[in-house]
Structure formats: C-alpha cells, structure tokens
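Understanding the architecture of this molecule
This is what each chain is made of:
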Amino acid sequence: MKFISWNIDSLNAALTSDSNRAVMTREVFKTIKKEDPDVIALQETKLPRTGLSKKHKERLAEFFPDYSYVNVNSQEGARKSYAGCMTLYKKDLDVNTDFPFINAPEPMDLEGRIVSLEFEDYYFIQVYTPNAGNELVRLPLRQEWDKKFAEYISNLDEEKPVIATGDFNVAHKEIDLAHPENNHMSAGFTDEEREGFTNLLKKGFTDTFRYINGDIEGKYTWWAQRVKTSKINNSGWRIDYFLVSDRIKDKVKRSDMIDSGDRQDHTPIVMEID
C-alpha cells in the first residue's frame, strides 16, 4: 500500500482559482498521480461550510478519476472556510469512515481536523493539528489537543494497528528544522509541543521517516511562504509525519518527501508499507 499526505493550504483555491499558486498546486497533483497512491490525505482544504460545489466535484473527478473521497469541513461555531480535511482512496478499496470528536477544547472539534478510515486490518487516520498561534496564544489549548489525540489513536491501536498522518505542526527534534537555535519560543518548536509529540510516540507509535532514514539532515516538509528565499535556502521545518503502530514498523518500506518544485509552504510526504 502507498499513502500520500499533504497540507495543501486550500484545496478550494486549487479547484476554483487560476492564480499562479493554484496552477502550481495543480502541477503537484500531477506529481502525486504519477506516484499512484492507494490513499491521499489532504489537510487545510479550506472548503466552504456548505460542502463541495458542483465545480469542486467536477474538478476532483477530472484530477482524481480513480478515487472516491470523504471530507470534513469547519462547522457552525468555528471559522468559515477554515482547516478541513479530505481523504481520497482508490475506488476498489472497502473502507468505513468516521469524523471523530475527541473532546478537544472548543472550537477545535468543530474545525474539521480528523478523518478516520477503517480498513479490515488497520486504521488510517489523518489529522491537521491546531497551531499554537501568534505569541503562543493557543498553546494551552494545543497541549490539551495533543493529549486528546494521543488518547484517541492509542485507543484505536488496542483494536488494530494504526497509520496516522498529517500536519502535526511540530518539529520534534532540533534535527527537524534548519535553525533550532532561533525558534525555541516559536509555535511548532516549543518544549511543550515537542513533549506532546514525544508522549504520543511513547504510546506505541513510530516516526517512520526517522525509522527508515535515520538522522539524515536537511530534509523538511514546510518552508515559510512569507520568506521568499526559505525554500531556495532550504530553511525549512519537518512538521508533517507518517506514524505507525510500533508492531508494524518493520513493514514500512519507504517514508520520504515528494518534490513540490518551486511551490513553498508544505510539500507532500509518502509512505509505502507491506
């Protein structure tokens, strides 16, 4: 099985806009299609609360004709056209879907942050973890989210193995960002967020990129859009992950990044598992 995960930063724009950035996003679609994944997880879709329009559906059918899909959007009580996740899967796959609430601080459960697929032998979970925010205003809520999400997937892990992927919004170790010395008080690299991720792994999960690639340096999944030279200089962060239950880690064959060309922000990640 092959899985791809990508914080797309507006599927809505990719399907409806002809801006330069939307065109670049659609070029990445072509790269993803060449990989021929079984499942594609997209975060930060930013689709409207009313759901997919006719144009959205037509464009999805054009770009991904071999896939069915399920999605969750921000709901009443959360910001409009905010966050959101979509999971696409090959039409011949038999899955059950869920959009769980994990009893997270309000309004996080309403922001469309988790999609769960249940296969016969495992769960596939995608997540868009809340950011701690400017000046870390949301850090206490983020810490509570981390606890609730870890509890959620560890409970699933008691039933069958779990594959969890997405934008976890944390660089776990200093090797996971280009300039750790400057970012210990930045959202995504605070001690509290890193500890939350450590605690998640301790519940029986493996960071597959590090498991496969060891302590390789300079491999990132996100480069700041606001800094025009961030990707050119590879001044990035690794904040997107594929995690698996420890008991299936030896089945992982590949865990890596996919080249998104000149497009900044997140790049897709890929995992192959037997």
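Residues numbered from 1 in each chain as written. Predicted model: local features only at pLDDT ≥ 70, side-chain atom pairs only at ≥ 80, totals over all residues. Heavy atoms only, no water.

**Regarding the packing of aromatic side chains**
Per the counting criterion, the structure on display carries 15 aromatic pairs. Between Phe149 and Phe168 the ring centres are 6.1 Å apart and the planes differ by 70°, which places this aromatic pair in the edge-to-face class. Within this pair, whereas Phe149 is found in helix α4 (residues 139-157), its partner Phe168 is found in the loop between β8 (162-167) and α5 (191-202), the two being separated by 19 residues in sequence. Neither Phe149 nor Phe168 differs from the other in exposure class; each is buried. Ring geometry for Phe197 and Tyr241: centres 4.5 Å apart, planes at 40°, overall tilted. (Phe/Tyr/Trp six-rings, centres within 6.5 Å; stacked < 30°, edge-to-face > 60°. Helix = DSSP H or I, 4+ residues; strand = E, 2+ residues; numbered from the N terminus. Buried < 20%, exposed > 50% of the residue type's maximum accessible area, 1.4 Å probe, protein only.)

**Observations regarding the sheet that holds strand β12 (residues 252-257)**
In space, the 6 strands of this open sheet follow the order β3-β4-β2-β1-β14-β12, with mixed pairing throughout. Two strands in the sheet have a free side with no partner beyond their single neighbour: β3 (67-72) and β12. Within the sheet, the average angular offset between the axes of one strand and its neighbour, ignoring direction, is 15°. Bridging between strand β1 (residues 2-7) and strand β14 (residues 269-273) involves 4 bridges; their strand directions are antiparallel. (Pairing = 2+ DSSP bridges. Axes fitted to C-alpha atoms, helices over the stretch in contact; angles between N-to-C directions.)

**A short note on the nonpolar core**
Grouped together as the largest cluster of nonpolar side chains are 26 residues, with contacts concentrated most on Phe3, Leu117, Phe124, Ile163, Met271 and Ile273. Of all the elements in the fold, those that place two or more residues in this core are β2 (39-43), β3, β4 (85-90), β6 (114-118), β7 (123-128), β11 (240-245), β12 and β14. Here this core gets 3 residues from one element, more than from any other, and that element is β14. In this structure Met271 touches Met1, Lys2, Phe3, Ile163, Thr208, Phe242, Val244, Val252, Arg254 and Ser255, once residues within four positions along its chain are discounted. Judged by nonpolar contacts, the second largest core, of 23 residues, contains Ile102, Ile125, Ala150 and Leu201. (Core = buried A, V, L, I, M, F, W, Y, C linked by side-chain atoms within 4.5 Å. Contact = heavy atoms within 4.5 Å.)

**Concerning α4**
For α4, built from 19 residues, the straight-helix expectation of 27 Å at 1.5 Å per residue is met to within 8% by its first-to-last C-alpha distance of 27 Å. If you check which residues of α4 are buried, you get Leu139, Arg142, Trp145, Asp146, Lys148, Phe149, Ala150, Tyr152, Ile153, Ser154, Leu156 and Asp157. (Expected span 1.5 Å × (residues − 1).)

**A word on the UniProt feature "site: Transition state stabilizer" (unreviewed entry) in the protein**
When the UniProt feature table is mapped onto this chain, "site: Transition state stabilizer" (unreviewed entry) is found at Asn169. Considering the arrangement of structural elements, one finds Asn169 in the loop between β8 and α5. Given the relative accessible area of 9%, Asn169 is considered buried. Asn169 has contacts with Tyr128, Thr129, Pro130, Asn131, Arg142, Gly188, Glu193 and Ile239, leaving out every residue within four places of it along the chain. Separated by 2.8 Å, the side chain of Asn169 and the backbone oxygen of Thr129 make a polar contact. (UniProt positions renumbered as here; feature names shortened; annotations may be inferred. Polar contact = N/O pair within 3.5 Å; in protein donor to acceptor, adjacent residues only side chain to side chain.)

**Brief notes about the sheet that holds β6**
Judged by pairing direction, the sheet is mixed, and its 6 strands sit side by side in the order β5-β6-β7-β8-β11-β9 without closing on themselves. Where the open sheet ends on each side, the last strands, each with one partner, are β5 (96-98) and β9 (205-207). Here the average twist between neighbouring strands, direction ignored, is 20°. In this structure, β8 lies alongside β11, joined through 5 bridges in antiparallel fashion. Directly across from Ala164, in β11, lies its bridge partner Leu243.

**Focus on empty space enclosed by the protein**
What the rule picks out here adds up to 3 cavities of 30 Å³ or more. The volume enclosed by the largest cavity comes to roughly 90 Å³. Lining of the largest cavity is provided by Thr129, Arg142, Trp145, Asp146, Phe149, Ala150, Phe168, Val170, Gly196, Phe197 and Leu200. Secondary structure elements with two or more residues in the lining of the largest cavity: α4 and α5. (1 Å grid on protein atoms, 1.4 Å probe; cavity = no way out; pocket = protein on both sides within 12 Å on 5 of 7 lines; lining within 4 Å. Points joined across faces, edges and corners; volume = space filled by probe spheres on them.)

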